[in-house]
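# Residue-level structure breakdown
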Amino acid sequence: MENNEPNNIDFMQLTTREQIDALENAYNVIYKNIYENRGQDILSGKLEIIDIAYNETSDKNVVYDIKYMDNSTQEEKHEYYNKDLEKIDIDAEKIEAYKLLGTDTKEMEEELLELQSLEKNENKVSLSNLKSLDKQIDQTALSLGISREEIVSSATIDANENLKIDEKILNGQSIDAKEKVSIHYNMRDVLGGDYVSYQIVKTANGNYKLMGIDSKGYAEEIGQDKVELIRTSQNISLTQENGTSKEASLVVGFRIKSRASEVDNDQIVGLCNDGRSSMTTFYGRGAIYQDQIVAENISNLTYNGYRAKQERFMDTLETDKYEFTIANEIIDESAEKHNIDPEVLRSEVIKKYEDFDNVTMEEVNEMASDIERTEPPEPEHLLDTGNNHN
């Protein structure tokens, strides 16, 4: 800018940093004027200037609103200055004095009411809010590894003065909030919030964040009061669209917190590596009570008979914590006893029994025996790693 004087700039077209500079310049000029007239009140602590805000009236006149505290009465007060940083000399006492002289004060009263209403103007820009926003921008840029310029060009602040950034610059793994994960629940039911989608984002320092995306396309982080970040190295049993299961390695998970029951807290959403070229999103259970998380891929699912059984199995209303855990413990125990792959057995049980959570040990053992007779053991089971016989 060639000229930084407040009355020679298009304030609303400035960047956040330029707006801060402009308001600080205006503040310094106004503060000097106030100090010359009320310096003793400032020095004694009776008068404490809190903030300055840029406003525009309904007829586009610029108004700088100085907010200060009268510490002798503990009352918050305001003074108003025009675009040339001259005080707008109008207040209730002055209007009352004109009335006593018989002057028509209607226009003055309307002007004062509009000035007083600027405090609630959604488009006002205050110095304190700008500095808070500027700090949030720096922190967000550093955390997410996104340039400050990208954030400034696409961000907004909500009614609570929190920074919200455009989902398009996140470049994370997206999950539709309406994606169905069980009979009764979709992803919004599981994760909560009034969101249309979610993103799992890898930050610049290698950590992960779970973001909720609102209907306007702005993102906000889902906090630690709602989810717990899990990065421990572990395998998960990932159910495929054809009803079979395969081993996948956990990349990151977010365990659901703050729910009504323990079984809900055992749910988890995250990313896993299932051997494909890219990571996949999953929804699972067993985040607390089982050694291995049982999960399903939640990206572009094909609905079929296997999927219907899996949805019932994964549903916390249909299958409680005890039943969910016991069924899998039976399968793991039987697979070990018959020296077969537990995921092959689990897949066959899911295919055969609609009421998966109530399957008995006898039923599982019978299926395990059939698999043991018809399928050869894995090659690694035949290797003698201790001796090499010729």
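Here goes a summary of the coordinates provided.

Conventions and cut-offs
- Residues numbered from 1 in each chain as written.
- Predicted model: local features only at pLDDT ≥ 70, side-chain atom pairs only at ≥ 80, totals over all residues.
- Heavy atoms only, no water.
- Core = buried A, V, L, I, M, F, W, Y, C linked by side-chain atoms within 4.5 Å.
- Buried < 20%, exposed > 50% of the residue type's maximum accessible area, 1.4 Å probe, protein only.
- Contact = heavy atoms within 4.5 Å.
- Pairing = 2+ DSSP bridges.
- Helix = DSSP H or I, 4+ residues; strand = E, 2+ residues; numbered from the N terminus.
- Phe/Tyr/Trp six-rings, centres within 6.5 Å; stacked < 30°, edge-to-face > 60°.

## A closer look at the nonpolar core
- Met187, Leu191, Tyr198, Ile200, Leu210, Leu345 and Val349 are the most contacted members of the largest nonpolar core, which totals 39 residues.
- The residues touching Met187, leaving out its near neighbours within four places in the chain, are Ile175, Asp176, Ala177, Glu179, Val181, Gly192, Tyr198, Val269 and Ile298.
- Counting residues in each nonpolar core, the second largest holds 23 residues, with Phe11, Ala22, Leu23 and Ile30 among its members.

## Here's the deal with the sheet that holds strand 2 (residues 62-70)
- The sheet built from four strands is open, its strands ordered 3-2-1-4 with antiparallel pairing. Since the sheet does not close on itself, it has two edges, and those belong to strand 3 (75-81) and strand 4 (125-126), each with one partner.
- Examined bridge by bridge, strand 2 and strand 3 share seven bridges and lie antiparallel to one another. Counted as the bridge partner of Tyr64 is Tyr81 from strand 3.

## Comments concerning the pairing of strand 15 (residues 280-285)
- By the criterion of burial, strand 15 is predominantly enclosed, with six of the six residues buried.
- Alternating positions in strand 15 separate into two faces, Thr280, Phe282 and Gly284 on one and Thr281, Tyr283 and Arg285 on the other, with burial throughout.
- With six bridges joining them, strand 14 (residues 267-273) and strand 15 adopt antiparallel strand pairing. Residue pairing in the sheet places Cys272 in a bridge with Thr280 of strand 15.

## A look at unusual backbone geometry
- Backbone geometry at Lys60 places phi at a positive 70°, although glycine is not the residue there.
- As for its position among the elements, Lys60 is in the loop between strand 1 (47-56) and strand 2.

## Thoughts on the packing of aromatic side chains
- Scanning the model with the defined rule gives five aromatic pairs in all.
- Geometrically, the ring pair formed by Phe11 and Tyr54 is stacked, given 4.1 Å between the ring centres and 15° between the ring planes. With Phe11 in the segment before helix 1 (16-44) and Tyr54 in strand 1, this pair connects stretches of sequence that are 43 residues apart. As far as burial versus exposure is concerned, Phe11 and Tyr54 are alike and both buried.
- Geometrically, the ring pair formed by Tyr54 and Tyr64 is edge-to-face, given 5.7 Å between the ring centres and 75° between the ring planes. Here the residue Tyr54 occupies a position in strand 1, and Tyr64 occupies one in strand 2, the gap between them amounting to ten residues. Taken individually, Tyr54 and Tyr64 each receive the classification buried, so the pair is uniform in this respect.
- Members of the aromatic cluster, joined through ring pairs, are Phe11, Tyr54 and Tyr64.

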